Structure formats: structure tokens, C-alpha cells
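In case you want the letters, here they are:
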Amino acid sequence: MIPYGRQDITQADVDAISDVLNSDFLTQGPQVPAFEVSLMSATGAKFAFAVNSATSALHIACLALGLGKGDVLWTSPITFVASANCGLYCGASVDFVDIDPASYNLCPIALEEKLKFARLNGSLPKVVVAVHLCGQPCDMKAIHALSVEYGFKVIEDVSHAIGGRYLNQPIGSCEYSDITVFSFHPVKIVTTAEGGAALTNDKALAYKMALYRSHGITRDEALMENVSQGGSYYEQVDLGFNYRMTELQAALGVSQMTRLSEFVKARHQLAERYYEKLADLPITLPYQLPGTYSGLHLFVIRLNLGKISKTHKEVFDELRANGIGVNVHYIPVHLQPYYQRMGFKNGDFPNAESYYTNAISLPMFHAMTYEQQNEVIRVLTNVIISE
Ligand SMILES: Cc1ncc(COP(=O)(O)O)c(C=O)c1O
């Protein structure tokens, strides 16, 4: 099966991990700060906190922004559930903003309409999580302008987008958001096995995220409530978690980050071949927002079902049966049973629901060969064209 995504591990990655295994520190050593430095230099953000997943990063980001009971978090329905769940972890409620039918990202026009209504109702969100689906940056300028007008905070979920650019700024720079959150799961562009990070330019947010990552404990005398007793003295000044990344993961991350631009370039070369070779099929190919360079974590096509004699499920199943490991990103979050129990239902976000009826993620990963890609193109063409 040709997977839709997978890691690309070299001997240099293996050596980096084995060096850590032979060192003094398996956790809380020099590799985590080194990985954080590599993230800051790739993005230009001033502070970075590596954690054990993007889910943890989203949680500490929401906590740092003060999200809590009685507050509301909004995000896109077309994302992984973690982008919404982080609001619930904090005791806040969650709502969604429908997607833009061309980019599949949270639609700034729908956002503005919903904000106008929420202002009248007194139900404005405290936090909006903007997800760069597939690596395609959201219209961050528009979202940022609305955040200023309506007074909410912005988290960019850039789990799909490391190595991309938005208006000539690297993705993750926090130019148009308060915090950016990354995932380093093996299907993503850069991997640390499991892993994530939260980046910010704001010192106060950075201080809070550092605490929440590790039990709410500080060893910094300036942050203590009592006079330091020196030596191994530390204070717990807030309630945090153990969301730390290990040295093994961070060493892998440092090594992988040296190939970031190579990873993204290879994805663009594969995408160009898909654009060229799939142009005549009854499908919609991904849209690229002007002024952006996608990280291209995913390559999503949409079937023009009016011109295909098969259903979405039939096409999907035939591709899988023929060795093409396609996937669907994502089932709209509001239609998950857990969210439906909160009252969300079919019909709430029509663009997201329509996307789900015909979207398919084709294989796209750095180590994918042109032979593998040709096989995807051949099988897809046969499945779509044949009766
Ligand atoms: C957009 C998005 N946000 C958050 C996550 C959660 O990432 P992690 O598995 O690192 O917690 C994912 C993972 O698939 C994702 O795709």
C-alpha cells in the first residue's frame, strides 16, 4: 500500500538518536533547547516550547491565553479534533466557523458574520484557532484584523504547514497571531515520532506556557513567590502538566529540521506533477491562496461526482483495494458523536459538510518516488474513468 503520508528517516537521524541514548540525558538535556532554537530560527518567532504533542501545545496555548469556564473557542469544522478539544480541556465551550469553499480553511467572511451576531448576543469568542489545512495558509491578515476589531486571541494551528510562507513571512512567525502550534507526528512534514511545539513573540505568554508544560514549576528565582532557598529549590506557582518532549524526540527533530526546505520542496515537485497529470480528470485540484507557499502536508482532491459514475465511497474503496492508501481529512468535527451530543448537527456548516462528501487525500510525502506517484495517477485515472 502506498501510504498517504510517512516519515523519512536517514542514518543521520538514527545517529542523532543513538548519540542521545549514549549520553547522560534521555530527558531535560541540551537537545530540547536546541530543537527549540531550530524552530525559532526557521520561523522568526521569539519563544518556542517543545512538548510531547500538538494536542498538548494547543492545551497550554489555550491556558496561557486565559481560556476557561464561560469562555468560547471557535475553530474550523474541517480539522483534526484536537484543534477543538483544547477548548473543552480548559472548561470553555467550542463552536465552529464554516470553511471557505475554495481554500477549505476557516472562512474570514463567515467569521465576520458570526462575530457580528455574537457581539449582539454577548457571546464573542475568547480564542479562534485558525488551522492551515493541508499546509495552505489561512487568510491570516483578515483574521488578525477581525481579532483586533472584536477582541479575541488567535492561535494558528500550523500542524500541516511548517516550512511554508505567508506574505513572505515563514509560517509560525506569529506575525498575525498570539501563538502558533506545531505537530511532529510521523505523517507530518517534520517528525519527532510524537511531538509538538508552541511558539510566541509574547514574553508573558511564553512564561505561562513554560510553566504549564512542566507541572507549573519554576526554578527561576525571579518568578518565585518566596525567597529562593538556593540549591535544588523550586516552586510550583501554578497547576501544570508533564507535557515535556524527551531528548530522543528532540534530537530527531534537530536532525529533521536541517532538511526542512528539502522536505517542502520535494512536496511541491510532487504537487506540480499531480497538477499536470490530473488536470483532465473530473476532480478539483487544491487551490493556492495568492502570496502563500504551502507546506503541502496533504494533497486533497475533490471528486466532481456529477461527472463520475461512482460514489465517493466506491472511489475511495477501489483506490484502497488497488494499493493506494488514500485518506479523508477530515470528518467534520461537529458531526463527531461527542460533538453531536452538544447539539451540533448536519446542516450547521454546509461548506464543511459538502467538502466531506467528495474530498480524498492522495499520497504525498517526501520520500515518495515518481514511480509510486505514477502508480497513484494510473490507478486514480482508471478508477474514475472506468464504469
Ligand atoms: C491540524 C492538526 N492539529 C492538531 C493535531 C494534533 O497533533 P498531535 O498528534 O501532535 O497531537 C493534528 C494531528 O493530526 C492536526 O492535524
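Residues numbered from 1 in each chain as written. Predicted model: local features only at pLDDT ≥ 70, side-chain atom pairs only at ≥ 80, totals over all residues. Heavy atoms only, no water.

Draft legend 1. Local environment of the overall build of the protein chain. From N to C terminus, the protein chain includes 13 helices and 15 strands. On C-alpha atoms alone, the protein chain measures out to a radius of gyration of 21 Å, which is about the 21 Å that the 2.2 N^0.38 rule sets for 387 residues. Considering only C-alpha atoms, the protein chain reaches an extent of 80 × 60 × 40 Å along its principal axes. Within the span of the protein chain, comprising 387 residues, buried residues form 55% of the whole. (Helix = DSSP H or I, 4+ residues; strand = E, 2+ residues; numbered from the N terminus. Rg over C-alpha atoms; globule rule 2.2 N^0.38 Å. Buried < 20%, exposed > 50% of the residue type's maximum accessible area, 1.4 Å probe, protein only.)

Draft legend 2. Broad picture of the environment of Pro33. With respect to the helices and strands, Pro33 occurs in helix α2 (residues 31–43). Judged by relative accessible area, which is 40%, Pro33 ranks as partly exposed. In sequence terms Pro33 and Ala48 are 15 residues apart; their C-alpha atoms lie 8.7 Å from each other.

Draft legend 3. Focus on the packing of helix α10 (residues 312–321) against helix α13 (residues 370–385). Put simply, α10 and α13 touch, their axes get as near as 10 Å, and they point 140 degrees apart. Helix-helix and strand crossings are classified by hand; for α10 and α13 the assignment is right-handed. Here α10 contributes Val315, Glu318 and Leu319 to the contact with α13, which in turn contributes Val379, Leu380 and Val383. Per-class residue counts for the contact of α10 with α13 are five nonpolar, no polar and one charged. (Axes fitted to C-alpha atoms, helices over the stretch in contact; angles between N-to-C directions. Left-handed = near helix turned anticlockwise from the far one by under 90°. Contact = heavy atoms within 4.5 Å. Nonpolar A, V, L, I, M, F, W, Y, C, P; charged D, E, K, R; others polar.)

Draft legend 4. Up close: the sheet that holds strand β4 (residues 127–131). Pairing within the open sheet is mixed, and its seven strands lie in the order β1-β9-β8-β5-β4-β2-β3. Two strands lie at the open edges of the sheet, namely β1 (47–51) and β3 (93–96), each paired on one side alone. Adjacent strand axes in the sheet meet at a mean angle of 20 degrees, parallel and antiparallel pairs treated alike. Two elements, strand β8 (residues 179–183) and strand β9 (residues 196–200), share five bridges in a ladder whose sense is antiparallel. Paired with Ser183 across the strands is Gly196, a residue of β9. Helix-sheet contacts for helix α4 (residues 82–89) involve β2 (72–75), β3, β4 and β5 (153–157), and the interaxial angle to β2 is about 180 degrees. Where helix α7 (residues 203–213) meets the sheet, it contacts β1, β8 and β9, and its direction lies at approximately 15 degrees from that of β1. (Pairing = 2+ DSSP bridges.)

Draft legend 5. Molecular detail of the pairing of β4. Counting buried positions along β4 gives five out of five residues, so the element sits mostly inside the fold. Pairing of β2 with β4, which is carried by three bridges, proceeds in the parallel orientation. Across the sheet, Leu73 pairs through a bridge with Val127, a residue of β4. A crossover connection joins β4 to the parallel β5 through helix α6 (residues 140–150); in handedness this β-α-β unit is right-handed. (Right-handed = clockwise from strand over helix to strand, strands pointing away.)

Draft legend 6. Expanded view of the site of the ligand. Lining the immediate environment of the ligand, one finds 15 residues, of which Thr55, Asp157, His160, Ser183 and Lys188 sit closest. Here an oxygen atom of the ligand sits 2.5 Å away from a polar atom, N or O, in the side chain of Thr55. Sorting the residues of the shell around the ligand by element identifies α3 (54–64) and α4 as the ones contributing at least two each. The residue inventory of the shell around the ligand, partitioned by class, reads five nonpolar, eight polar and two charged. (Near = heavy atom within 4 Å. Polar contact = N/O pair within 3.5 Å; in protein donor to acceptor, adjacent residues only side chain to side chain.)

Draft legend 7. A look at the packing of aromatic side chains. Overall, the coordinates contain 13 aromatic pairs when judged by the stated rule. Here the aromatic rings of Tyr104 and Tyr355 are separated by 4.9 Å at their centres, their planes lie at 55 degrees, and the arrangement is tilted. Of the two residues, Tyr104 sits in the loop between β3 and α5 (108–121) while Tyr355 sits in helix α12 (residues 350–358), which places them 251 residues apart along the sequence. By relative accessible area, Tyr104 is classed as buried at 5%. By the ring-pair criterion, three or more aromatic residues cluster together here, those being Phe96, Tyr338, Tyr339, Phe344 and Phe349. Against the face of Trp74 rests Lys114, its NZ or CZ located 5.3 Å from the ring centre. Sitting over the ring of Tyr370, Arg273 keeps its end group 4.1 Å from the ring centre. (Phe/Tyr/Trp six-rings, centres within 6.5 Å; stacked < 30°, edge-to-face > 60°. Lys NZ or Arg CZ within 6 Å of the ring centre and 35° of its normal.)

Draft legend 8. Quick peek at the domain arrangement of the protein chain. Looking at the assigned domains, one finds that the protein chain contains domain 1 (2–257) and domain 2 (260–385). Placing the centre of domain 1 and that of domain 2 at their C-alpha centroids yields a distance of 25 Å. In this complex, domain 1 contributes 48 residues to the contact, which on the side of domain 2 involves 49 residues. Of the roughly 4000 Å² buried where domain 1 meets domain 2, counting both sides, 65% is carbon and sulfur surface. (Domains from an automatic or database assignment. Buried area = accessible area lost by both parts, 1.4 Å probe.)

Draft legend 9. Quick peek at the environment of Ala130. Here Ala130 is to be found in strand β4. Of the residues examined, Ala130 reaches a relative accessible area of 0% and is grouped as buried. Expressed as a C-alpha distance, the spacing of Ala130 and His334, which sit 204 residues apart in the sequence, is 16 Å.

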